[in-house]
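Here's the letter readout for the chains.
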Amino acid sequence: MTLTLGMITFDSAEPGPLAAWWAERVGGRIEQENDGWFYMVEVPGAAHKLAFQKVPDPTPGKNRVHLDMIAEDLDAEVARLTAAGAQEYERHDMDGFRWVTLTDPDGNRFCVSGSH
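Residues numbered from 1 in each chain as written. Predicted model: local features only at pLDDT ≥ 70, side-chain atom pairs only at ≥ 80, totals over all residues. Heavy atoms only, no water.

Going by what an unreviewed UniProt entry lists, the chain is known as VOC family protein and is assigned to Rhodococcus oryzae.

Structure (structure tokens):
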């Protein structure tokens, strides 16, 4: 027996606005909303969906799982994300491979790198 990844889920006190924020960032859409407590976002070209669920006490501190996104133009994408409300957390360069760690409006960290 094996496991199959169904979706990647974020806990949030206000999942609707966070789902809308991510849907716009990835060019997707909210394809399911369940009475304000669970939202599912379709991500074009991806095998999996992003989900956002309402919880009374989101886990504080650094999230242990995060998204790694790829952009054709790293600097332009970071500028677009920060203009939309993301916060830049750290910049990295490892032997010419660059990526930037950001946080979404709920403080969840995610990374964006240039095309491989």
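Caption draft 1: Main features of the UniProt feature "domain: VOC" (unreviewed entry) in the chain. According to UniProt, the positions carrying the feature "domain: VOC" (unreviewed entry) are residues 4-115. Between the end C-alpha atoms of residues 4-115 there is a gap of 27 Å, over a span that is 20% helix and 44% strand. (UniProt positions renumbered as here; feature names shortened; annotations may be inferred. Helix = DSSP H or I, 4+ residues; strand = E, 2+ residues; numbered from the N terminus.)

Caption draft 2: Molecular detail of the packing of aromatic side chains. Tallied over the entire structure, the rule returns seven aromatic pairs. Ring plane angle 65 degrees and centroid distance 6.3 Å describe the contact between W21 and F110, whose orientation is recorded as edge-to-face. Placement of the pair is W21 in helix α1 (residues 15-26) and F110 in strand β8 (residues 109-114), with a sequence separation of 89 residues. Judged by its relative accessible area of 9%, W21 falls in the buried class. An angle of 70 degrees between the planes, with centres 4.8 Å apart, marks the rings of W22 and F110 as edge-to-face. With W22 in helix α1 and F110 in strand β8, this pair connects stretches of sequence that are 88 residues apart. Judged by its relative accessible area of 1%, W22 is buried. With a relative accessible area of 2%, F110 lands in the buried category. (Phe/Tyr/Trp six-rings, centres within 6.5 Å; stacked < 30°, edge-to-face > 60°. Buried < 20%, exposed > 50% of the residue type's maximum accessible area, 1.4 Å probe, protein only.)

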